[in-house]
Amino acid sequence: GESVGLHLPTLSVQEGDNSIINCAYSNSASDYFIWYKQESGKGPQFIIDIRSNMDKRQGQRVTVLLNKTVKHLSLQIAATQPGDSAVYFCPMYQGGKLIFGQGTELSVKP
Amino acid sequence: AAGVIQSPRHLIKEKRETATLKCYPIPRHDTVYWYQQGPGQDPQFLISFYEKMQSDKGSIPDRFSAQQFSDYHSELNMSSLELGDSALYFCASSWYGMNTEAFFGQGTRLTVV
């Protein structure tokens, strides 16, 4: 079955620094990848997605990198702000539904 | 833009009582998903509906049931509540099978006392 994992359960960065959150996946047939941000007590919020025919996609202050060779996904946040403090997930689609793994909690120090 | 609406936002029930959670998906989305998230846990898939028919089932207890109505809103019914059912319950909607983002509601926080 699919396994979704993140390399670190917590990440602490200084305000203004760049953040990198990593995700490993096991299903080489996955063709769509997505990142969510979840603030405490709130629902997961879509950040950015990428399809397998791309290896990089940029949004506003965020970049997702996809390395299909090693089945690795990363989310880069530029100039991290206190409002970026949240848990970040990279769920995978399995049979038409999103399966979540353990998230990474990002803490931003002022 | 319209988002996924869940009600109520907070619910307190006693053990062995029943609870009904409601979800109103984004207009024209044909798929609804329900997730349960315990404290410090990742969201766990419970059940999904496509065009008002159950499409998939996850780790949903037999005490729980759900349905999607003709207007596409969905309800999660929970009976014989246990303390361990205390959690955040999220509903999400999307276009089925399109591998696009699912949009989540703000959740219902259920507390069983």
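Residues numbered from 1 in each chain as written. Chains lettered and ligands numbered in written order. Predicted model: local features only at pLDDT ≥ 70, side-chain atom pairs only at ≥ 80, totals over all residues. Heavy atoms only, no water.

Draft legend 1. Here's a closer look at the pairing of strand S9 (residues 86-89) of chain A. Residue and element names in this part refer to chain A. Bridge count between strand S4 (residues 32-38) and S9: 3 bridges; the pairing is antiparallel. Bridge pairing links Tyr36 to Phe89 in S9. Examined bridge by bridge, S9 and strand S12 (residues 104-109) share 3 bridges and lie antiparallel to one another. What sits directly across from Tyr88, in S12, is Thr104. (Pairing = 2+ DSSP bridges. Helix = DSSP H or I, 4+ residues; strand = E, 2+ residues; numbered from the N terminus.)

Draft legend 2. Main features of the packing of aromatic side chains. Scanning the model with the defined rule gives 11 aromatic pairs over all chains in all. On the basis of an interplanar angle of 85° and a centroid distance of 5.6 Å, the ring pair of Phe100(A) and Tyr35(B) is categorised as edge-to-face. Highlighted residues: Phe100(A) in the loop between strand S11 (97-99) and S12 and Tyr35(B) in strand S4 (residues 31-37), drawn from two different chains. For the pair Phe100(A) and Tyr35(B), one class covers both residues: buried. Taken together, a centroid distance of 6.4 Å and an interplanar angle of 65° make the contact between Phe64(B) and Tyr89(B) edge-to-face. Taken together, the positions of Phe64(B) in strand S7 (residues 64-68) and Tyr89(B) in strand S9 (residues 87-94) put the pair 25 residues apart, joining distant regions of the chain. Residues Phe64(B) and Tyr89(B) agree in their burial class; the two are buried. Taken together, Tyr36(A), Phe46(A), Phe89(A), Phe100(A), Tyr35(B), Phe45(B) and Phe104(B) form an aromatic cluster joined through their ring pairs. (Phe/Tyr/Trp six-rings, centres within 6.5 Å; stacked < 30°, edge-to-face > 60°. Buried < 20%, exposed > 50% of the residue type's maximum accessible area, 1.4 Å probe, protein only.)

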